[in-house]
Amino acid sequence: MSSESSYGAREGALVVLAGGLVGLVISIYLYMTPLTGVTGSLGALIVMAASGAIAFDGLILLGAMTPGHRALWLTLGFLGALGTLAAAYLLHAYGLMAVMVVVLLGLFLVLARPPYRT
Amino acid sequence: MIHPFFSLPARLVAGTSLVSILAVLPVHAQEPGEPAASGIEQSNEPGGEDMYSPQQMGGSPEGGKPTGGGGALNTDPKAGAGGETRTFEAATPNAQDGPSTGRASTRWDSFHGQLNAQKYAPLDEIDTQNVGDLTKVWEYHTGDVSDGSGEHPPTVWSATPIYANETLYIGTPFYRVVALDPATGKERWTFDSKSRLEALTQGALKNRGVAYWEAETPQEGEACQKIVYLGTMDAQLFALDADTGERCADFADNGVLDVNQWNTTNDRWPLSLLQPPTVTGDHLILGWAGKDWAFEEAPPGTVFSLNARTGELEWTLDILPEDVRKRSGTANVWTAMSVDEERGLVYLPISSPSPNYWGGNRTEEIPLATSTTAVDIETGKVVWSRQWVHHDIWDYDINSAPTLMDITVDGQSIPALVQATKMGFLFVVDRETGGDVWPIEERPVPAGNVPGEVYAPTQPFPTKPEPLLDQAKKPEAWWLADMASLGACSRLIDSLAYDGMYSPPTTKGNGVAAFPDSAGGVQWGGVAFDPESQTAIVNTSHILQYIQLFDRQTYDRIAGGSGNESGFFPQEGAPYGMSLKVAMNWLGMPCWKPPFGELVAIDMTSGDITWRKPLGSSQKYGFYMPESLGSPTIGGPAVTAGGLVFIGATMDAKVRAFSLQSGEELWSDIVEAPSVSNPAVYEHEGREYVAFVAGGNSILKDQVGDQVAVYALPVD
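Residues numbered from 1 in each chain as written. Chains lettered and ligands numbered in written order. Predicted model: local features only at pLDDT ≥ 70, side-chain atom pairs only at ≥ 80, totals over all residues.

Per an unreviewed UniProt entry, the recorded name for chain B is Pyrroloquinoline quinone-dependent dehydrogenase, and the organism is Fulvimarina uroteuthidis. Check the Sequence similarities (unreviewed entry) section of the UniProt entry for chain B; it says "Belongs to the bacterial PQQ dehydrogenase family." The record held by UniProt for chain B lists under Cofactor (unreviewed entry) the comment "pyrroloquinoline quinone". (UniProt positions renumbered as here; feature names shortened; annotations may be inferred.)

Chain A has the name Major facilitator superfamily (MFS) profile domain-containing protein in an unreviewed UniProt entry, where Fulvimarina uroteuthidis is given as its organism.

(A) Here's a closer look at the overall build of chain A. Scanning chain A for helices and strands turns up 4 helices and 0 strands. Starting at the N terminus, the α and β elements of chain A follow one another as α-α-α-α. The burial tally for chain A puts 43% of its 118 residues in the buried class. (Helix = DSSP H or I, 4+ residues; strand = E, 2+ residues; numbered from the N terminus. Buried ≥ 20, exposed ≤ 12 C-beta atoms within 10 Å, placed from the backbone.)

(B) Structural context of the confidence of the model for chain B. Residue and element names in this part refer to chain B. Averaged over all residues, the pLDDT of chain B is 87; the fraction at 70 or higher stands at 85%. Contacts for the low-pLDDT stretch residues 1–83, under 50 throughout, to residues beyond four places or in other chains number 254 contacts. Predicted confidence for residues 89–103 stays below pLDDT 50, and this span has 44 contacts to residues more than four positions away or in other chains. In the predicted complex, the global pTM is 0.87; the interface-specific ipTM is 0.91. (pLDDT = per-residue confidence, 0-100. Contact = placed C-beta atoms within 7 Å.)

(C) Helix α3 (residues 67–90) of chain A, seen in detail. Given a rise of 1.5 Å per residue, 24 residues ought to cover 34 Å, and the 34 Å separating the end C-alpha atoms of α3 of chain A matches this to within 8%. Listing the buried residues of α3 of chain A in full gives Arg70, Trp73, Leu74, Gly77, Gly80, Ala81, Thr84, Leu85, Ala87, Ala88 and Leu90 of chain A. (Expected span 1.5 Å × (residues − 1).)

(D) View of the sheet that holds strand β11 (residues 211–214) of chain B. Residue and element names in this part refer to chain B. Pairing is antiparallel across the open sheet formed by 4 strands, whose spatial order is β11-β12-β13-β14. Unpaired on one side and paired on the other, β11 and β14 (256–258) mark the two borders of the sheet. Recorded for the sheet is a direction-independent mean angle of 20 degrees between the axes of neighbouring strands. (Pairing = 2+ DSSP bridges. Axes fitted to C-alpha atoms, helices over the stretch in contact; angles between N-to-C directions.)

(E) Geometry of the pairing of strand β20 (residues 345–349) of chain B. Residues and elements named next belong to chain B. Within β20, 5 of the 5 residues are buried, leaving the element largely enclosed by the surrounding structure. Because side chains alternate across β20, one face comprises the buried residues Leu345, Tyr347 and Pro349, and the other comprises Val346 and Leu348, equally buried. Two strands pair when backbone bridges link them, and strand β19 (residues 338–340) and β20 are joined in this way by 3 bridges, in the antiparallel orientation. Note on β20: the bridge partner recorded for serine 338 is tyrosine 347. Here β19 folds back onto β20 in antiparallel fashion, the turn holding 4 residues, of which glycine 344 has a positive phi close to 70 degrees. Relative to strand β21 (residues 371–376), β20 runs antiparallel, the two sharing 5 bridges. Paired with valine 346 across the bridge in β21 is valine 375.

(F) Main features of the interface of chain A and chain B. Counting from both sides, the interface comprises 13 residues of chain A and, opposite them, 10 residues of chain B. The greatest single-element share of the side of chain A that touches chain B, amounting to 4 residues, is contributed by α3 of chain A. Considering only residue class, the side of chain A that touches chain B consists of 8 nonpolar, 5 polar and no charged. (Nonpolar A, V, L, I, M, F, W, Y, C, P; charged D, E, K, R; others polar.)

(G) Structural context of the nonpolar core. Within the largest apolar cluster, 202 residues are counted, with the highest numbers of intra-cluster contacts made by Tyr169, Val210, Tyr212, Ile227, Val228, Tyr229 and Cys591 of chain B. Here this core takes 6 residues from strand β44 (residues 687–694) of chain B, the largest share from any one element. When sequence neighbours within four positions are dropped, the list of residues in contact with tyrosine 229 of chain B reads Val210, Ala211, Leu237, Phe238, Ala239, Pro276, Pro277 and Leu284 of chain B. Among the nonpolar cores identified, the runner-up in size contains 40 residues, and Val38 and Ala55 of chain A together with Phe596 and Leu629 of chain B belong to it. (Core = buried A, V, L, I, M, F, W, Y, C linked by C-beta atoms within 7 Å.)

(H) Structural detail: the confidence of the model for chain A. Residue and element names in this part refer to chain A. With 90% of its residues at a pLDDT of 70 or more, chain A shows a mean pLDDT of 90. When pLDDT is averaged over each helix and strand of chain A, the minimum, 86, is found for helix α1 (residues 2–32) and the maximum, 97, for helix α2 (residues 42–62). Of the regions scoring below 50 in pLDDT, residues 1–5 engages in 4 contacts with residues more than four places distant in sequence or in other chains.

(I) Molecular detail of the UniProt feature "transmembrane region" (unreviewed entry) in chain A. Per the UniProt entry, the sites bearing "transmembrane region" (unreviewed entry) are residues 12–32, 44–64, 71–90 and 96–112 of chain A in this numbering. The span residues 44–64 of chain A is 90% helix and 0% strand, and its two end C-alpha atoms sit 32 Å from each other.

(J) Focus on the sheet that holds strand β45 (residues 707–712) of chain B. All names here are of chain B. Pairing is antiparallel in the open sheet, where 4 strands are placed in the order β4-β45-β44-β43. Of all strands in the sheet, those bounded by a partner on one side alone are β4 (135–141) and β43 (680–684). In this sheet, neighbouring strand axes are inclined to one another by 25 degrees on average, regardless of whether the strands run parallel or antiparallel. Where β43 meets β44, 5 bridges bridge the pair, whose relative direction is antiparallel. Paired with glutamate 683 across the strands is glutamate 688, a residue of β44.

(K) Structural detail: unusual backbone geometry. Residue and element names in this part refer to chain B. Geometrically, the link from lysine 464 to proline 465 is a cis peptide bond, its omega value of -15 degrees lying close to zero. With respect to the element layout, proline 465 can be found in the loop between β27 (458–462) and α4 (479–484). That bond from proline 594 to proline 595 is cis: its omega, 10 degrees, falls within 30 degrees of zero. By secondary structure assignment, the location of proline 595 is in the loop between β34 (576–582) and β35 (597–603). Although it is not a glycine, asparagine 165 sits at a positive phi angle of roughly 55 degrees. Structurally, the position occupied by asparagine 165 is in the loop between β6 (162–164) and β7 (167–171). The phi dihedral of asparagine 254 falls on the positive side, at around 55 degrees, and the residue is not glycine. Relative to the assigned elements, asparagine 254 resides in the loop between β13 (236–241) and β14. According to the C-beta neighbour criterion, asparagine 254 is exposed, with 10 such atoms within 10 Å.

(L) Highlighting the environment of alanine 249 of chain B. All names here are of chain B. Note that alanine 249 resides in the loop between β13 and β14. The spatial distance from the C-alpha of alanine 249 to the C-alpha of aspartate 430 is 42 Å, given a sequence separation of 181 residues. Those residues in contact with alanine 249, other than ones at most four positions away along the chain, are Asn254 and Gly255.

Here it is, written out as structure tokens:
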């Protein structure tokens, strides 16, 4: 069971990592490309940074850690993904919203499959 | 006079955005037909009894002399009980070819498309069924753009592209003209006036485009049979051959006229030519812009008629009575005019006198100030005038060309005009006489107690259409902004004086609420009109501002900076300086309840509102607010025979198409910056195009652009 849980948690962390990277690419596109509606905007910069932070969060979650650290990074991940989801909604960045939903699923996966026995 | 916009603080929606991440925003759209009574008490008593004297009119050489040496109140029974119509000697009908009255025209060769200012294209290739397929077929960037961070002031670009001579002509805020192929956007020629790129009268480099004239029978091979005119902030008017862009040698001084030569009273700044002249027959009717709120004494308003070929001055209309000019000023015409060529009349939307928020230096009647005034094109004589604000101390400039329309009311065909206003009132009068179509009542309004000031006891209130925003009571605080500010919004609104529409500026407390003030209900985009369904379309803004006067000593002590038409302004020479602010909380969230802007359709056979919808999204830092809240709007609509309304105007830099019948949004696209002008709709080589200028206005949003975006249906 422990092995299965660890496997699921790693998958979840990979989803978070990948989602963060895809979100980063989308955010850069939104920021750099003319006529996206948010070109050069502070909002696009914010989701760019947030996406990068989510990718970093996924990377951290891939590694072994204490339950306390894991809870911390999971909490940060949820906050980041929910915040980015809301920001993407207000930026009319619907692709980024979809990616953040996937990131949230990844985080739930990590949450549901704890790598350590409790 | 400077543009009448409120300064939308840089944080207008930033705070809203942040808070909205945490909260689900409610919908607060104003329902159609919601009553919006105005004024503190209804009355049918007539207003002022003033009559003109010939001296007051000041027309020269012959213009402006009223009938019988004094003019008279209109006795036409159609004039309302309180309708203060000043009638003068009737103009001789001067029928000419071209767009004129309420009839549809295929032209789009002036600022509002047609001289009747209907912004109506009788084109139906693009309609409600296929508008969703509309695609951008070309775009053009002028390069004339500045955000103010470099060597130039920021640009504000509100030009309507002019389609004439099989060419699209556009003026730029760097005071250049570009002539483009209407189908491809390919440059045909450009002209650079090399004007000083300095903010001499305005806070930004501004331009509202160019004007076009052509000879009744153009002579082949002769230059300047077709002319494009460009004005500059430093009061130079250029005349260019429409085919080549070369200066017209026969026009004034080798193609350029120094209009500032006529700036002879209180010459504090140049007569800025930001609005292109109105071209009718062989006349150029020319107003100008200046600098508001800075001085008590300023150049007094004048309107010039010039010969379109030579630039020779034909007549001058002085707006202010002679004895007031020196100690006051402005009451100019800084926006577009409309023309009824069949009746030989040009309709002037006239602004308020200076200083704008204190009138102790101009306590006598100034009949033409803040009015719509019909003037004989040939002579400059005033034929009739309706003053919409008596003794204006709110800067309620009449800021858009009245829209001329033939409407059927109670089975009777009426040659009407609709005058939109900053107050959110739409005044509808007979354009021949100035008499009411629906009663316009003089109602008592609140008085104030500022020493030296006088207060008009009554103001005109239209009974139909209903006001575009409810000024009858002080706006309520928006719960979200109030919550985010821990009640600061409620406290601010509670602290503002307000006794109904036309509550006067005060030195007390935090000042007086104005809903709206310079922000306007309606700005210079004016009213569009579909002559087939007799539907008027207008965009409006709902903005709560507040005004406070300070005695000179206090003002000098506390005056802080000012932004673009928000903050402290000295009214130098007057005993009072003033501040004008938008009611915001610490996050920059609007304190008042949404919507912040709407698009409204009015059945002009009944005066009833057909539909009204929040228009666009407010946006800051890229974050869009829900469209149910609407956006403040600058710019205006165009309508087509395809049953469509095209409009930009919103903060979100989108251009949209709506169903004229239902108000449903059918199409949108993103452009480089808010499109703060009217779109142009034209047909070229059998194909219908819709052109938007995306120039932005720093007052609305810190986003500027230099884009011309042109749309059409795909070619099969």
